[in-house]
Amino acid sequence: MRTPVTSATARAAATHTNRPLSVVIGAGGTGGHIYPGLALADALRRAVPDAVISFVGTERGLETRLIPEAGYRLHTVDMIPFDPSLGARRYLLPAALLKSGAQCRAILKAQGAQVAVGMGGYPSAPVIVGARMAGLPSLIHESNAVPGRANRFAARLTPHIAVAFDRSRAHLPGGDRATTTGMPIAAALAALDRTALRAEARREFGVPDGARLVLFNGGSLGAARLTEAALGLAARWRWRGDVSLLIKTGPAALDETRRRLAQEGGDVVARAVPYLDRMDLAYAAADLVVCRAGSATVAELAATGVPAVLVPYPHAPGDHQTHNARVLSDAGAGLLLPDAETTADRLAALLEPLLAEPARLAAMSGAADPGPHARAADLLAERVLHLTTQHTDHLEYAA
């Protein structure tokens with residue numbers, strides 16, 4: 001059950017100035033930063049219904065679709081990734097950061113913002129720089145067990161740090177003063193009762209009675225490695241009536257995946273979809289998930305108790321997905337499988353015994369530690385609202 005933002009903090013934030021509460025959130029690039037930002041925005045709106053919440057991102061990431069679809073305004077700035085693979089272009093990073101920081105300062109001023117929040121990923125760093133330029137309080141949230149470059153930089157610009165996992169503290173400047181809020185997840189997942197929703201969810205995805213459902217979730221854009229392994233499993237299991245596969249491919253791979261399922265006979269047991277707009281239904285229907293180990297996914301699995309085989313993306317900065325996956329595998333709630341070993345044959349060897357042992361699946365589900373994730377959005381909103389009370393009515397933005 002979620003812990004709501006305290007009414008006293010919400011009232012204080014709402015009445016501290018004569019203007020409506022205004023918060024600007026930096027989040028972009030991948031769903032792993034955007035979805036937690038949206039969960040925070042929703043929590044702020046629950047606490048202060050007339051709050052003005054807007055986002056900052058770039059024109060290249062998923063934020064251009066996800067944030068407007070969720071009903072929030074998106075401002076875009078010019079920014080390049082914190083990525084050594086840029087080669088000589090990395091020398092442009094300081095100038096790009098100053099430029100985008102100035103753009104964010106103007107956005108903060110135009111929005112009458114009282115606080116800025118960075119959710120990680122390179123589009124969020126300029127928001128913290130802009131807040132520093134404007135003299136505004138700011139906060140960063142680190143979602144991964146090993147922080148990314150953008151947040152390691154931004155942590156030097158604000159004393160207010162929140163983390164999803166305790167183990168990330170050691171990797172952040174000032175991490176000893178960080179608060180562990182957990183990972184903000186959607187309200188529907190925070191309150192998910194898998195048992196109560198299971199029958200409806202299985203009807204939604206057409207899962208036959210008595211069949212066990214394996215969900216393949218490659219993240220926001222899908223994962224070619226997972227989709228290829230799922231296709232092989234579907235062909236291998238096409239004669240079985242006791243298993244079913246749901247494959248989230250991402251939009252780019254959908255047509256080819258469906259063509260191959262039909263060609264190889266796997267469409268008898270497998271269904272391919274580009275997106276999963278109702279992850280609560282997907283988790284309620286699934287008996288087991290095969291997935292990447294982004295921080296949002298790991299937090300969702302921990303909160304909902306769905307057993308998982310975790311396949312970390314091998315090129316993630318700092319190998320952070322492997323560290324994320326160990327949050328579950330170390331607890332016995334998931335199995336860690338290297339990307340290079342993720343083939344149909346290897347997965348069959350892992351999954352067939354698991355699917356045949358309901359007691360083992362139940363034990364994995366019970367081993368999941370929900371931690372603070374189910375209430376993380378409200379815990380983080382509480383911190384943001386507390387910061388707004390430190391903002392004076394007559395703040396003069398730096399010239």
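Everything numeric in this text was worked out from a predicted model, so none of it was measured.

Criteria and thresholds
Residues numbered from 1 in each chain as written. Predicted model: local features only at pLDDT ≥ 70, side-chain atom pairs only at ≥ 80, totals over all residues. Heavy atoms only, no water. Helix = DSSP H or I, 4+ residues; strand = E, 2+ residues; numbered from the N terminus. Contact = heavy atoms within 4.5 Å. Areas by Shrake-Rupley, 256 points an atom, 1.4 Å probe, with all protein chains shown as cover. Buried < 20%, exposed > 50% of the residue type's maximum accessible area, 1.4 Å probe, protein only. Polar contact = N/O pair within 3.5 Å; in protein donor to acceptor, adjacent residues only side chain to side chain. Salt bridge = Lys/Arg side-chain N within 4 Å of Asp/Glu carboxyl O. Pairing = 2+ DSSP bridges. Right-handed = clockwise from strand over helix to strand, strands pointing away. Axes fitted to C-alpha atoms, helices over the stretch in contact; angles between N-to-C directions. Phe/Tyr/Trp six-rings, centres within 6.5 Å; stacked < 30°, edge-to-face > 60°. Lys NZ or Arg CZ within 6 Å of the ring centre and 35° of its normal.

Colleague: In this structure, what is going on with the overall build of the protein chain? I would like to understand it.
Modeller: Within the protein chain one finds 16 helices and 13 strands. In the protein chain, 68% of the contacts between residues at least 6 apart in sequence involve partners at least 24 apart. Looking at the protein chain as shown, the accessible area adds up to about 16,300 Å², and 53% of this sits on carbon and sulfur atoms.

Colleague: I would appreciate a short explanation of the side chain of Asp 287 in the present structure.
Modeller: For Asp 287, the location among the structural elements is in the loop between α11 (279-285) and β11 (288-291). Given the relative accessible area of 8%, Asp 287 is considered buried. There is a polar contact of 3.2 Å between the side chain of Asp 287 and the side chain of Arg 212. Here the side chain of Asp 287 touches Leu 213 through a polar contact of 2.8 Å, landing on its backbone nitrogen.

Colleague: Just checking my understanding: could you explain the pattern of salt bridges for this structure?
Modeller: It is possible for side chains of opposite charge to pair when their charged atoms get near one another. If you walk through the whole model with that rule in mind, you get 17 salt bridges. A salt bridge links Asp 378 to Arg 46, with the nearest nitrogen and oxygen atoms 3.3 Å apart. Here Arg 46 lies in helix α2 (residues 31-47) and Asp 378 lies in helix α16 (residues 376-388), a separation of 332 residues in the sequence. Residues joined by salt bridges that share partners form a network here, namely Arg 198, Arg 202, Arg 212 and Asp 287.

Colleague: Mind showing me how you'd approach the pairing of strand β1 (residues 22-26) here?
Modeller: On any regular strand, side chains alternate: one points to one face of the sheet, the next to the other face. For β1, the tally of buried residues reaches 5 of 5 residues, placing the bulk of the element in the interior. Side-chain alternation along β1 places Ser 22, Val 24 and Gly 26 on one buried face and Val 23 and Ile 25 on a second face that is also buried. Bridge analysis of β1 against strand β2 (residues 52-57) gives 5 bridges, and the strand direction is parallel. Directly across from Val 23, in β2, lies its bridge partner Ile 53. Each parallel crossover has a hand, and the one from β1 via α2 to β2 is right-handed. In this sheet, strand β4 (residues 115-118) lies alongside β1 in parallel orientation, the contact comprising 4 bridges. Considered in β4, the bridge of Val 24 is made with Ala 116.

Colleague: Which parts of the structure should I look at to understand the sheet that holds strand β10 (residues 270-273)?
Modeller: Backbone-to-backbone hydrogen bonds pair the strands of a sheet. The strands run either parallel or antiparallel. Strand order in the open sheet formed by 6 strands is β10-β9-β8-β11-β12-β13, with parallel pairing between adjacent strands. Sheet topology places β10 and β13 (334-336) at the edges, where each strand pairs with a single neighbour. The mean inter-strand angle of the sheet, taken between neighbouring strand axes irrespective of direction, is 15 degrees. Two strands pair when backbone bridges link them, and strand β8 (residues 212-217) and strand β9 (residues 243-248) are joined in this way by 6 bridges, in the parallel orientation.

Colleague: Explanation requested: the packing of aromatic side chains in the structure shown.
Modeller: Any pair of aromatic rings gets described here by the distance separating the centres and the angle formed by the planes. With the rule as written, the count across this model stands at 1 aromatic pair. One cation-aromatic arrangement involves Arg 65 over Tyr 275; the distance from NZ or CZ to the ring centre is 4.4 Å.

Colleague: Teacher, can you tell me more about the sheet that holds β1 here?
Modeller: Taken together, 7 strands build an open sheet; the order of strands is β3-β2-β1-β4-β5-β6-β7 and the sheet is parallel. With one partner strand each, in any of the chains shown, β3 (73-76) and β7 (179-180) form the two edges of the open sheet. Bridge count for strand β5 (residues 138-142) against strand β6 (residues 161-163) is 3 bridges, and the pairing is parallel. If you follow Ile 140 over to β6, its bridge partner there is Ile 161. Helix-sheet contacts for α2 involve β1, β2 and β4, and the interaxial angle to β2 is about 165 degrees. Sitting on the sheet, helix α5 (residues 125-134) touches β1, β2, β4 and β5, and the angle it makes with β4 is about 155 degrees.

Colleague: Looking at this model, I keep getting lost on the environment of Ala 340. Mind explaining?
Modeller: Within the secondary structure, Ala 340 sits in the loop between β13 and α14 (344-355). In this structure, the C-alpha to C-alpha distance between Ala 340 and Val 311, residues 29 residues apart in sequence, is 9.2 Å.

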